[in-house]
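Observations on the model geometry
Single-letter residue listing:
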Amino acid sequence: MRAINWLGVLPFIGILVGIIYANRVTPYLFGLPFILGWLVLCVLGTAVIMGIIYLADPANRSDAEDRR
Amino acid sequence: MSAALIIIFATMLIALALGIAARRGRTMDMEQWTVGGRGFGTIFVFLLSAGEIYTTFTFLGGSGWAYGRGAPAFYILGYGSLAYVISYWLLPALWRYSNAHRLYTQPDLFARKYNSTGLGVLVALVGVVALVPYMVLQLTGLGIIVSTASYGAISSTTAIWIGAAVVTVYVIVSGVHGSAWTSVLKDILILAVVVFLGIYLPVHYYGGLQPMFEAIDAAKPGFLTLAPRGQSIIWFDSTVLLTGLGFYMWPHSMGAVFTARSETVFRRNAVFMPLYQIILLFAFLVGFAAILQVPGLKGTAADLSLFRISLKTFDPWFIGVIGAAGVLTALVPGSMILMTAAAFLSNNIVRVLRPGMSDQSVALLARALVPVVALVSVLFTLRGGTTIVELLLMGYSFVTQLFPALIGALMRRNPVTTPGAFAGILVGVAAVAVLSLTRATIGSVLPFLPVPLYDLNVGIIAMVLNLIALVVVSAVTRGTPAIAGADGRQIAGK
């Protein structure tokens, strides 16, 4: 497996391990209790990480045909 | 007729018209009906996947859990992200195989990979048994939505019959094309409604998000974090992991995979699907806003929190818009479920029993079975029962049991033998059934474990038993023929 794909492990760590430390109300993040704000950050971070993996993946350059 | 009712019925009619129009210009053979001729691009596949994921569960269950349980609801936000990470590698592999072999359904995949139509029958049965509660869930939600939004003018029973009839008609006519077209309407409406409610209600009643959460935290200390016991961090992690793995095991989710035109579609969606998850945050915010404004909804009634607070806040016409969005969140997934269950029964069970059937008669029978599945689901719905989330969790546990055998099948050299796959799925499903029916917990089944582990999701037991059966039976039966992935030609008609 290509090294950059290991970035895909980060969402697992952020959500499954991070929750142990994030399980609290304060400080508020974007007006949300910390635990909820943390999970929202993880979700957004997942999109960013998958975007990086997508751009780095040579498989996505071969067929750009599909749009609808 | 109230303004709300007019809007809801107009939306149902538009959905019906869209669903029927989706057929235009196509001959509805099995290929078109079940997998849309394998011609869907990124946006349609995105909408189909989103169509299945953002269901009445998102709408009522997401806000209902936030209202009734608080922090445990956040697990819903967690598992999707993990599933999308997995999807980046899982779905292209699934698609390549099913496209090369022109498969229609999830049981086809198992049957083909393990060279056993019998395994296909088993997977089809598991699928149908899991899909019916999911359909019940949609219909229950639809009933709640219409009866509430019509201010009681239409009973939920009447609404359920009407909704089921609408879906049945457009599924028979247009198959997966109907689902794809109606999901366009649904996603626009639900996105607009939930985001608006999630921002407007906290601001209107509390002056902002943080003041709202501070008020909740003061009124109900501990509500906004996971408890040390019960729905604890261990519960959260085990539930997120299990549901994350089970995510794409839903028969209709895998069905959406088969509709794609190319595998790039899935890698692109893996980037955008997590963003779409944020809609769940807004559903939570609605539930939280309701806690102090419409207190006292217990048990099943918690699923009503979104509507109760909306009724208190808005004019009837806007209740109609919310109701219309809610109805669509039931119809679109409902259509996928009906189509998938009917295709399983026809293609993977009846065809196996009567091997001579042509593709044409299989397609015809599948469409004839749609009203049958719909009727069974309506009858189950009207007999009522558990709250929305609990129903979903049981179906989830069933389909999750397919995960180990599927992953084995996708490996270059499959370590799982056909009897091993049978044993794993059978043992896993039996365990889920026993555990659910006896309302077991880890503590009652494995009392010798350290106490904090009592909070593990009970589905873990079924998964572990599944894996043990799969490994042991595979080890014993190794060396028998029918190595998975072998390109058997036994499956009728392919």
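Rules of the game
- Residues numbered from 1 in each chain as written.
- Chains lettered and ligands numbered in written order.
- Predicted model: local features only at pLDDT ≥ 70, side-chain atom pairs only at ≥ 80, totals over all residues.
- Helix = DSSP H or I, 4+ residues; strand = E, 2+ residues; numbered from the N terminus.
- Contact = placed C-beta atoms within 7 Å.
- Rg over C-alpha atoms; globule rule 2.2 N^0.38 Å.
- Buried ≥ 20, exposed ≤ 12 C-beta atoms within 10 Å, placed from the backbone.
- Nonpolar A, V, L, I, M, F, W, Y, C, P; charged D, E, K, R; others polar.
- Core = buried A, V, L, I, M, F, W, Y, C linked by C-beta atoms within 7 Å.
- pLDDT = per-residue confidence, 0-100.
- Expected span 1.5 Å × (residues − 1).
- Axes fitted to C-alpha atoms, helices over the stretch in contact; angles between N-to-C directions.
- Parallel < 35°, antiparallel > 145°, perpendicular 65-115°, else oblique.
- Left-handed = near helix turned anticlockwise from the far one by under 90°.

For chain A, the count of helices and strands is 3 helices and 0 strands. Reading the helices (α) and strands (β) of chain A from amino to carboxyl end gives α-α-α. Of the contacts made within chain A by residues no fewer than 6 positions apart, 51% connect residues no fewer than 24 positions apart.

A count of helical and extended segments in chain B gives 22 helices and 0 strands. Taking 23 Å as the expected radius of gyration for a compact globule of 494 residues, we find that chain B reaches 22 Å, a close match to that expectation. Per-residue burial over chain B gives 61% buried out of 494 residues.

Right, let's talk about the interface of chain B and chain A for a bit. Contacts between chain B and chain A engage 39 residues on the former and 33 residues on the latter. Broken down by element, the side of chain B that touches chain A gets its largest block of residues, 8 residues, from helix H13 (residues 264–276) of chain B. Among the residues making up the side of chain B that touches chain A, the classes are represented as 24 nonpolar, 10 polar and 5 charged.

This paragraph deals with unusual backbone geometry. Across the junction of Thr-26 of chain A and Pro-27 of chain A, the peptide omega takes the value -5°, indicating a cis bond. Locating Pro-27 of chain A in the fold gives a position in the loop between helix H1 (9–22) and helix H2 (34–56). One non-glycine residue with positive phi stands out, namely Arg-102 of chain B, at about 50°. Of note, Arg-102 of chain B is situated in the loop between helix H5 (75–100) and helix H6 (106–113). The class of Arg-102 of chain B is partly exposed, set by 14 C-beta atoms lying within 10 Å.

So, about the nonpolar core. Residue and element names in this part refer to chain B. By size, the foremost hydrophobic cluster in this structure holds 195 residues, and its most contacted members are Val-286, Val-327, Leu-338 and Ala-342. In terms of residues, this core owes the most to one element, helix H16 (residues 316–353), which gives 19 residues. Among residues more than four places away in sequence, those in contact with Val-327 are Ile-8, Thr-11, Met-12, Leu-142, Ile-145, Val-146 and Gly-163.

This brings us to the confidence of the model for chain B. Regions with low pLDDT should not have their predicted coordinates read in detail. Residues and elements named next belong to chain B. Of the residues in chain B, 94% reach a pLDDT of 70 or more, and the chain-wide mean stands at 84. Mean pLDDT values over the elements of chain B span from 72, in helix H18 (residues 388–400), up to 91, in helix H14 (residues 278–293). Predicted complex metrics record ipTM = 0.89 and pTM = 0.86.

Across chain A, the average pLDDT comes to 83, with 88% of residues at or above 70. In this model residues 64–68 of chain A is a low-confidence stretch, pLDDT under 50, and it forms 13 contacts with partners more than four residues away in sequence or in other chains.

Time to look at helix H7 (residues 117–149) of chain B. Residues and elements named next belong to chain B. With 33 residues, H7 extends 47 Å from end C-alpha to end C-alpha; this agrees with the ideal 48 Å at 1.5 Å per step. Burial runs high along H7: 28 of the 33 residues are buried. After H7 finishes, the residue Tyr-151 shows a positive phi value of roughly 55°.

Residue and element names in this part refer to chain B. Following both chains from N to C, one finds helix H20 (residues 418–437) and helix H22 (residues 459–477) inclined at 155°, their axes separated by 7 Å at the closest point. The angle between H20 and H22 places the two elements in the roughly antiparallel class. Between H20 and H22 lies a crossing of right-handed hand. Residues Pro-419, Gly-420, Ala-421, Ala-423, Gly-424, Val-427, Gly-428, Ala-431, Val-432 and Leu-435 of H20 lie in contact with H22, whose contacting residues are Gly-459, Ile-461, Ala-462, Met-463, Leu-465, Asn-466, Leu-467, Ala-469, Leu-470, Val-473, Ser-474 and Thr-477. Considering only residue class, the contact of H20 with H22 consists of 15 nonpolar, 7 polar and no charged.

Compared with the 45 Å implied by 1.5 Å per residue over 31 residues, the 43 Å span of helix H9 (residues 176–206) of chain B between its first and last C-alpha is a close match. Immediately beyond the C-terminal end of H9 of chain B, within one or two residues, lies Gly-207 of chain B, with a positive phi of roughly 80°.

All names here are of chain B. Looking at the secondary structure, you find Ser-361 in helix H17 (residues 359–383). Given 15 C-beta atoms within a 10 Å radius, Ser-361 is considered partly exposed. A C-alpha to C-alpha distance of 9.7 Å links Ser-361 and Asp-29, two positions 332 residues apart in sequence.

All names here are of chain B. Take Met-28: it is sitting in the loop between helix H1 (3–21) and helix H2 (30–35). Taking the C-alpha atoms as reference points, Met-28 and Phe-236, 208 residues apart in sequence, are found 44 Å from one another. With near-sequence residues (within four places) excluded, Met-28 lies in contact with Arg-23, Trp-33 and Gly-175.

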